[in-house]
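# An overview of the molecular structure
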Amino acid sequence: MINLYFAWSWVLVGLVTGTVQGLFFHREDWLGGYGSWPRRLSRLGHIAFFGTGLINMCFAFTALLLQLDTPLIDTVGWMLIIGAVSMSTICYLSAWRKPFRHLFFIPVISLLLGVGLFAYALFAADVPGF
């Protein structure tokens, strides 16, 4: 399942971005200071790699464990990947240029639809033992 490969890749990217950002965090004026918009959004982008990576990982393990294999599951998988990629990307773009914040509806809708459709698929599935 592509989401499992994606999830581990996304965790790796989160570690790499955290390492790079960590080289500068000790500087109080880095990206305008601790409370500045660019620094807050950069931290959020870094953490989003882990959070959305874990969502993809949980989805993949659950779908594999319950042997869910339908077109709806494929759609959910792609919605979660789109949400993950767009969330971190828009965080970093917004840190760079504030107007990019208006694009946050893309990851939010993708992730909400993905998780909502997956919840529906789980309740609709007739899984023995559950």
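Before going further, it helps to spend a moment on the overall build of the protein chain. Summing up its helical and strand segments, the protein chain has four helices and zero strands in all. Walking the protein chain from its N terminus toward its C terminus, one meets helices and strands in the order α-α-α-α. By principal-axis analysis of the C-alpha atoms, the protein chain measures approximately 55 × 25 × 20 Å. Looking at the 130 residues of the protein chain, the share that counts as buried comes to 38%. Pairs at least 24 residues apart make up 75% of the contacts formed inside the protein chain by residues separated by at least 6 positions. Carbon and sulfur atoms make up 74% of the accessible area of the protein chain, which amounts to about 7,900 Å² in all.

As a further point, take helix α1 (residues 2-22). Each turn of an α-helix holds 3.6 residues, which means side chains three or four residues apart point in the same direction. Taking 1.5 Å of rise per residue, 21 residues should cover 30 Å, and α1 covers 30 Å from first to last C-alpha, within 8% of that figure. Taken residue by residue, α1 has Asn-3, Phe-6, Ala-7, Trp-10, Val-11, Gly-14, Thr-17 and Gln-21 as its buried positions. Buried residues in α1, looked at end-on, bunch into an arc of 140 degrees, giving them a common side. For α1, exposure combined with an orientation more than 90 degrees from the buried face picks out Tyr-5, Leu-12 and Thr-19. Here the buried face of α1 lies against α2 (37-65) and α3 (71-96).

What follows is about the packing of α2 against α3. Close contact between α2 and α3 brings their axes to 7 Å; oriented N to C, the two are set at 170 degrees. On the basis of the axis angle, α2 is roughly antiparallel to α3. Residue classes in the contact of α2 with α3 are distributed as 18 nonpolar, eight polar and no charged.

Turning next to the state of the cysteines. What the rule picks out here adds up to zero disulfides. The thiol sulfur of Cys-58 is not disulfide-bonded, and the nearest other cysteine sulfur, from Cys-91, lies at 20 Å.

To continue, consider the packing of α3 against helix α4 (residues 105-124). The interhelical angle for the contact between α3 and α4, taken along N-to-C directions, is 155 degrees, at an axis separation of 8 Å. It follows that α3 is roughly antiparallel to α4 by the angle criterion. Helix-helix and strand crossings are classified by hand; for α3 and α4 the assignment is left-handed. Residues Leu-72, Ile-73, Thr-75, Val-76, Met-79, Leu-80, Ile-82, Gly-83, Ala-84, Ser-86, Met-87 and Ile-90 of α3 form the contact with α4, whose own contacting residues are Ile-106, Pro-107, Ser-110, Leu-111, Leu-113, Gly-114, Val-115, Leu-117, Phe-118, Tyr-120 and Ala-121. Split by residue class, the contact of α3 with α4 holds 18 nonpolar, five polar and no charged.

Definitions and limits used
Residues numbered from 1 in each chain as written. Predicted model: local features only at pLDDT ≥ 70, side-chain atom pairs only at ≥ 80, totals over all residues. Heavy atoms only, no water. Helix = DSSP H or I, 4+ residues; strand = E, 2+ residues; numbered from the N terminus. Buried < 20%, exposed > 50% of the residue type's maximum accessible area, 1.4 Å probe, protein only. Contact = heavy atoms within 4.5 Å. Areas by Shrake-Rupley, 256 points an atom, 1.4 Å probe, with all protein chains shown as cover. Expected span 1.5 Å × (residues − 1). Arc of directions from axis to C-beta. Axes fitted to C-alpha atoms, helices over the stretch in contact; angles between N-to-C directions. Parallel < 35°, antiparallel > 145°, perpendicular 65-115°, else oblique. Nonpolar A, V, L, I, M, F, W, Y, C, P; charged D, E, K, R; others polar. Disulfide = S-S within 2.5 Å. Left-handed = near helix turned anticlockwise from the far one by under 90°.

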